[in-house]
Amino acid sequence: NEKPTALIMIFGATGDLAKRKLFPSLYRLFEKDRLGDFAVIGVARRSLTNDEFQTSVNQSVNPEGVENDKLKEFVSKFYYHSHDVTDSDSYASLNTVAHELDNQYNLSGNRIFYLAMAPEFFGTIAEHLKTDGLTDAHGFKRLVIEKPFGHDLESAKKLNNQIRTAFTEDEIYRIDHYLGKEMVQNIEVIRFANSIFEPLWNNRFISNIQVTSSETLGVEERGRYYEKSGALRDMVQNHMLQMVSLLAMEPPISLTTDEIRSEKVRVFRALRPIKGNEVNEYFVRGQYGKGLLEEKKVPAYNEEDMVDPESNTETFVAGKLMIDNFRWAGVPFYIRTGKRMEAKTTKIVVEFKDMPMDLYNRQEGSVRPNLLVIHIQPEEGITLYLNAKKAGQFMNSTPVKLSYANKGIDGLNTPEAYEKLLYDCLRGDATNFTHWDEVALSWSFVDNISAVWEKEKEQNFPNYEAGSMGPKAADALLDKDGHFWWPVT
Ligand code: BG6
């Protein structure tokens, strides 16, 4: 059990992410005794005293207000620095505080800079961290950077060049929180630790793979960001493509960060680019209209706050990805994600090919293909659908289900994605963070699609009702290949 030591500076410490995810995750690590010596400097524009900041950390970790000594000790390690991200003096005084805390807590000059704030400042902050001396401490230095990593390939490159002036690639931890999810991490183990799957994991035996990540929430208060992003940039460029790369990659020769990442990169390189007039053949976009969700009426996307009533932004994307390599030639990977859908769920369905002939259900036709379902959230587990004999006199088959629920067996709550990712970063393990090459390749894939969608306004928006599984065209996308979306709810 490694117990890493570091000074953690959180930029955007008064923001939502810090309160909802970062402080609670750090606390869970602390409670489990995973952390060595550490201190946190909360950095944000607002002026706050250390006491006020500590109170807000306390509230976010412990909303019920139960007092305990562990929590008191935890909160006492938090300090606040009111900061102007463009002002060198502000960085100089931050550095003074950092040195003091480094001495006081024996932090060996190890520094983590966590950028949990508006992305327009990522580049500026990284540059200042270097020019104003914050990256000169004698221990390790790491930059953790939240999404969005750019808006397209060009802006991502620009941002990357800026942060690379201050940090090397292996000091940069680009967060994709899906990579911290227990069952996303499990994809690799299911594939590479089971001799019954890996030999079948190719175009000879797999018919298609379906990845769905649906949400019931709408755009909430994020209209301003989302209008410029849409589901393609918000979910597909990162989370969806990351899951596809884990499903499609070749077995790495070992589990090191470099080996795994380079296998993922090869998948991105094999992804068939979709251009111009092909876009509408491979991809479908949707925007939610009003509807009923959990028996409550909800407004249409174009009636939400900060959203243009004429908005051309997609809140739903379905697509067919082809991976042009020996293993996957001819096997479609269908992806689908959207807001205000019927259920909050992320699932992967691997559909195996049919047997050459159906011996058992000639009359009933109820034999179904073998499916392997990986439940990412909210349930975590695996279901394997097989066909077995239907009890009784005759030789008919019926689908049976073998299920494994993560929680049921371990009896533990799996740690939240952020908790794992923070711990990985503190330990210096970048495997579950995205390498620049992955980011660049996924942007260039997505840019072709957004270029067409931005140019051609979708006349039928809104085209799906809130509370549904998306527009009809998403079903037609599979239908024309002779497939359908397996139900996920
Ligand atoms: C974020 C997106 O990256 O992922 C959000 O910006 C989305 O729009 C969220 O709601 C979904 O994450 P999760 O973990 O709830 O599936």
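Above this text sits the structure in question.
Residues numbered from 1 in each chain as written. Predicted model: local features only at pLDDT ≥ 70, side-chain atom pairs only at ≥ 80, totals over all residues. Heavy atoms only, no water.

### Brief notes about the overall build of the protein chain
Counting its regular elements, the protein chain contains 14 helices and 17 strands. For a compact globule of 489 residues, the expected C-alpha radius of gyration is about 23 Å, and the protein chain comes in at 24 Å, within 12% of that figure. For the C-alpha atoms alone, the extent of the protein chain along its principal axes is close to 80 × 50 × 45 Å. The buried share among the 489 residues of the protein chain stands at 56%. Long-range pairs, those at least 24 residues apart, make up 77% of the contacts in the protein chain between residues at least 6 apart in sequence. For the protein chain, the exposed surface amounts to about 22,200 Å²; the carbon and sulfur share of it is 50%. For the protein chain, the separation between the mean place of its 58 positive charges and that of its 72 negative charges on side chains is 4 Å. (Helix = DSSP H or I, 4+ residues; strand = E, 2+ residues; numbered from the N terminus. Rg over C-alpha atoms; globule rule 2.2 N^0.38 Å. Buried < 20%, exposed > 50% of the residue type's maximum accessible area, 1.4 Å probe, protein only. Contact = heavy atoms within 4.5 Å. Areas by Shrake-Rupley, 256 points an atom, 1.4 Å probe, with all protein chains shown as cover. Lys, Arg positive; Asp, Glu negative; His and termini not counted. Charge placed at Lys NZ, Arg CZ, Asp CG, Glu CD.)

### Focus on the packing of aromatic side chains
For the structure shown, the criterion picks out 25 aromatic pairs. Seen in terms of ring centroids, Tyr173 and Phe433 are 5.0 Å apart; in terms of plane orientation they differ by 80°. Their pairing is edge-to-face. Of the two residues, Tyr173 sits in strand β6 (residues 172-174) while Phe433 sits in the loop between α12 (417-427) and α13 (436-455), which places them 260 residues apart along the sequence. Three or more aromatic residues joined by ring pairs make a cluster, and in this case those are Phe23, Tyr27, Phe30, Phe38, Phe53, Phe74, Phe78 and Tyr80. The residue whose ring lies beneath Arg34 is Tyr423, and the NZ or CZ to ring-centre distance is 5.5 Å. (Phe/Tyr/Trp six-rings, centres within 6.5 Å; stacked < 30°, edge-to-face > 60°. Lys NZ or Arg CZ within 6 Å of the ring centre and 35° of its normal.)

### Overview of the nonpolar core
Counting 105 residues, the largest nonpolar core has Phe11, Phe283, Phe333 and Leu372 as the members making the most contacts within it. Looking at this core element by element, the count peaks at twelve residues for helix α8 (residues 223-248). Sequence-distant contacts of Phe11, defined by excluding residues within four places in its chain, comprise Val43, His83, Tyr91, Leu94, Phe113, Tyr114, Leu115, Ala116, Met117, Ile125 and Leu129. (Core = buried A, V, L, I, M, F, W, Y, C linked by side-chain atoms within 4.5 Å.)

### Considering the side chain of Asn406
Mapped onto the secondary structure, Asn406 falls in helix α11 (residues 406-410). Only 2.6 Å separates the side chain of Asn406 from the side chain of Tyr404, close enough to count as a polar contact. (Polar contact = N/O pair within 3.5 Å; in protein donor to acceptor, adjacent residues only side chain to side chain.)

### Let's talk about helix α4 (residues 88-105)
In this model α4 runs 25 Å from its N-terminal to its C-terminal C-alpha over 18 residues, within 8% of the 26 Å that 1.5 Å per residue would give. Buried residues of α4: Ser90, Tyr91, Leu94, Asn95, Ala98, Leu101, Asp102 and Tyr105, and no others. Looking down the long axis of α4, one finds its buried residues gathered within 135° of arc, a one-sided arrangement. α4 presents Asp89, Glu100, Asn103 and Gln104 as exposed residues on the side facing more than 90 degrees away from its buried surface. Taken together, the buried residues of α4 touch β1 (6-11), β2 (38-44), β3 (78-82), β4 (111-115) and α5 (122-131). Capping the start of α4 is the job of one residue whose side-chain oxygen sits 3.1 Å from the backbone nitrogen of Asp89: Asp87. Asn106, located one to two residues past α4, shows a positive phi value of around 60°. (Expected span 1.5 Å × (residues − 1). Arc of directions from axis to C-beta.)

### Looking at the sheet that holds strand β12 (residues 332-338)
Two pairing modes exist for strands in a sheet, parallel and antiparallel, and in both the strands are linked by backbone hydrogen bonds. Read from one edge of the open sheet, eight strands run β8-β11-β12-β7-β13-β14-β15-β16, paired in mixed fashion. The open sheet terminates on both sides in strands that have one partner only, identified here as β8 (283-286) and β16 (397-405). Sheet twist, expressed as the average angle between the axes of neighbouring strands with direction ignored, equals 15°. As judged from the six bridges shared by strand β13 (residues 345-352) and strand β14 (residues 371-377), these two strands associate in the antiparallel manner. (Pairing = 2+ DSSP bridges. Axes fitted to C-alpha atoms, helices over the stretch in contact; angles between N-to-C directions.)

### Focus: the packing of α5 against helix α6 (residues 153-164)
Their axes nearest at 8 Å, the elements α5 and α6 cross at an angle of 15°. By the angle class used here, α5 and α6 are roughly parallel. At the point where α5 passes α6, the crossing takes the left-handed sense. Every residue of α6 that contacts α5 at Phe122, Gly123, Thr124, Ala126 and Glu127 is listed here: Leu159, Gln162 and Ile163. (Parallel < 35°, antiparallel > 145°, perpendicular 65-115°, else oblique. Left-handed = near helix turned anticlockwise from the far one by under 90°.)

### A look at the site of the ligand
As a matter of local geometry, the ligand sits amid Lys147, His177, Tyr178, Lys181, Glu215, Arg222, Asp234, Met235, His239, Lys339, Lys344 and Gln377. Residue Asp234 places a side-chain N or O atom 2.6 Å away from an oxygen atom belonging to the ligand. Take Gln377: an N or O atom from its side chain is 2.7 Å from an oxygen atom of the ligand. Alone, the ligand offers 390 Å² of accessible surface; in the complex the protein occludes 81% of this. Per-element accounting of the shell around the ligand gives the leading share, three residues, to α8. Tallied by class, residues from the shell around the ligand come to two nonpolar, three polar and seven charged. (Near = heavy atom within 4 Å. Nonpolar A, V, L, I, M, F, W, Y, C, P; charged D, E, K, R; others polar.)

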